[in-house]
Structures are given as C-alpha cells and as structure tokens.
Amino acid sequence: MRTMKRSALSLSRSAGRFTAGARVLPSFLIVGAQRCGTTSLYRALAQHPLLLKPVLHKGVHYFDVAYDRGLRWYRAHFPLQAGAALLGRRHGGPAHAYESSPYYLFHPLAGERIAATLPGVKLVVLVRDPVERACSAHAHELARGFETESHLETALELEEQRLAGADELLRALPYALHHSHRHHAYVTRSRYADQLDRLEPMFGRDRILVLDSHRFFAHPEAVYDRVLEFLEVPHLGYPVFERHNGRALPRPVPPALERSLRERFEPYDARLARWLGEEPSWRR
C-alpha cells in the first residue's frame, strides 16, 4: 500500500513539474507554530471552495528543507490556474492557494525565502500555551522516533547543547539540514515573539495574522471569520470543525517543571500580546 502511494505521489509530482508554469502559487501560508492546531485550521479552510490546498499533501516544506529543489518543484504541488479561475467565476471571488508547513516560522532562512518568492503573501500563525506546546512537541517527536530521550526533563536539559550553532550552520550552508533544530527545539520554538519579530520587517504587521489556538478550539466560528476577513475571502458558510493530530502526554508534567517553564516564558508571552491584540489566554 505504501509503495503504491509513493508511486502515485511520484507520478503526480512529475506531472506537476511538467505543468508548473500553468499552476498557481500560494496567496497565504500557515507557517506555524508546530503543535498549535495548524492541521485543524488547514483542514477547516480546505472546505472553503475558494481556498485551494496543495494537490499532494498538507506541508510542502519548500522554504525550509526542500529549497534546493527549485520553484518548479514547488509550483507542481498546487492546482492549475484554469481550475482556480473556474472556481473564482463560480463562487464570485478569486481563488487562493495555500499550504501549511509549521517549520517555516522557526527556520532562520524561511522568512527571507518566502518574502523573495511570494511578494504580497500573507502569513497565518497559531500559538498556544508554550508550556503545553513544548511538552506536546516532545511527545510528538518521541512517538515519531525523532527523539531518543523519553524523559521530558532530560530532553529540555539537552536542548541548548543540541541546538548550539544550528542557526549559524543553516545560514552558512543554506541547503543544510539540522536534525535537532527541526525536532528538538521544545523551549526555543515556544518563544513565539522572537520568531514573529524576525518576520515583521520582511512582511509588515498587516500581513501577519496571529491566532490563539485555545480560542480557535473554543470558538472556531469566530476565529474562522477572522481568518476569512484577513484573507479578504467571501464567507460561504461554516466548515465542519474537527481537532486533528492531538496526542496525549506519556506522563504528567511535574508541577515544579511546569512552574519553572512558565516563569521562563513570561517575558516572551508579554511581548506576544501586541501580536494577539490582547493578553494570551493562558496568562489570564
């Protein structure tokens, strides 16, 4: 079954590259953060007839780990312009292609690459309680086999050492990959304000929408409305909202560790308020 799926994907990519010049490029990207509900939002938006997800799979990861493949490879993942135009005429507004690759927010070169390749693109970012995100990311990477330390405390203690020099390496060797930077940045990827502040000079505040994922799951209709307004897409009814990729923690987080992490995140959460337009829900 997996072999058949890989063959189908390979054939689809080949066909996509052949017709790359006739395909649309994204109008917006869901760029992160990892373990913050990006898949749930992606699938909710995919139900809108004017929002066109990639033909092959959710996360293309072109601007972080596949940039060496070139723009034709990237375009091959998206629908044909003719089909997009037909949908636009049918539903009374332009169609918009998009994708969701949560590593874009954290990768040191992704923002620059996106800005150079997709002028005018809009970015959507989801954030959640950073303590929950860090713990969830550890459980996620452990389950996928990318983490070997089963104890969260040990993995957090190793994080600084594992990530040492990673940003410098990725900037010095643009096509390089760094396993720990992608899979072991539990605390660092939860410092959302640092990543957003890095993107602001490239895109401007008005082209970056930051959403509190706790609000999205509690009041999905209101958050969905806000996304459509940001994208300037007509409202054509509500999709079915579902939670995807949830994963239970293998063991409870020790209270002392949780308190310590919450203190470490406090200054970053304070800076996040200007992006959300209010205090983060987990700080109330």
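Residues numbered from 1 in each chain as written. Predicted model: local features only at pLDDT ≥ 70, side-chain atom pairs only at ≥ 80, totals over all residues. Heavy atoms only, no water.

- The name given to the protein chain in an unreviewed UniProt entry is Sulfotransferase, with Nonomuraea terrae as the source organism.

Considering the pattern of salt bridges
- Evaluation of the coordinates by the stated rule reveals 14 salt bridges.
- Here R215 and E278 are joined by a salt bridge, their closest N and O atoms 2.8 Å apart. Of this pair, R215 sits in helix α11 (residues 213-218) while E278 sits in the segment after α13 (255-276); the two residues are 63 residues apart in sequence, bridging distant segments of the chain.
- Between E278 and R284 there is a salt bridge, with its nearest N and O atoms 2.9 Å apart.
- Since its relative accessible area comes to 30%, E278 is described here as partly exposed.
- Since its relative accessible area comes to 56%, R284 is described here as exposed. (Salt bridge = Lys/Arg side-chain N within 4 Å of Asp/Glu carboxyl O. Helix = DSSP H or I, 4+ residues; strand = E, 2+ residues; numbered from the N terminus. Buried < 20%, exposed > 50% of the residue type's maximum accessible area, 1.4 Å probe, protein only.)

As for the packing of aromatic side chains
- On inspection of all chains with the given rule, the structure shows 14 aromatic pairs.
- For the pair Y74 and F78, a centre-to-centre distance of 5.1 Å together with 80 degrees between the ring planes defines the contact as edge-to-face. The residues Y74 and F78 share a single accessibility class, namely buried.
- Within the aromatic cluster, the residues linked to one another by ring pairs are Y62, F63, Y67, W73, Y74, F78 and Y104.
- Stacked on the ring of F230, the Lys or Arg K122 has its end atom at 5.1 Å from the ring centre.
- If you follow R243 out to its NZ or CZ, it ends over the ring of F217, 3.8 Å from the centre. (Phe/Tyr/Trp six-rings, centres within 6.5 Å; stacked < 30°, edge-to-face > 60°. Lys NZ or Arg CZ within 6 Å of the ring centre and 35° of its normal.)

Concerning the pairing of strand β5 (residues 208-212)
- Where burial is concerned, most of β5 is hidden: five out of the five residues are buried.
- Burial of β5 is two-sided: the residues I208, V210 and D212 facing one way and the residues L209 and L211 facing the other way are all buried.
- The pairing of strand β4 (residues 122-127) with β5 spans five bridges and is classified as parallel. Across the sheet, residue L123 finds its bridge partner in β5, namely I208. (Pairing = 2+ DSSP bridges.)

Focus: the state of the cysteines
- Going through the model one piece at a time under the given rule, you end up with zero disulfides.
- Between C36, a free cysteine, and C135, which holds the nearest cysteine sulfur, the sulfur-to-sulfur gap is 12 Å.
- Take C135: its relative accessible area is 5%, and that puts it in the buried class. (Disulfide = S-S within 2.5 Å.)

As for the sheet that holds strand β2 (residues 51-52)
- The strand order across the open sheet formed by five strands is β2-β3-β1-β4-β5, and the pairing between neighbours is parallel. Sheet topology places β2 and β5 at the edges, where each strand pairs with a single neighbour.

As for the packing of helix α5 (residues 110-117) against helix α10 (residues 192-203)
- It is at 10 Å that the axes of α5 and α10 come closest, and there the two elements cross at 20 degrees. Taken together, the axes of α5 and α10 are roughly parallel relative to one another. When the axes of α5 and α10 are compared, the crossing they make is right-handed. Of α10, the residues touching α5 (which contributes G111, E112, I114 and A115) are L199, M202 and F203. (Axes fitted to C-alpha atoms, helices over the stretch in contact; angles between N-to-C directions. Parallel < 35°, antiparallel > 145°, perpendicular 65-115°, else oblique. Left-handed = near helix turned anticlockwise from the far one by under 90°. Contact = heavy atoms within 4.5 Å.)

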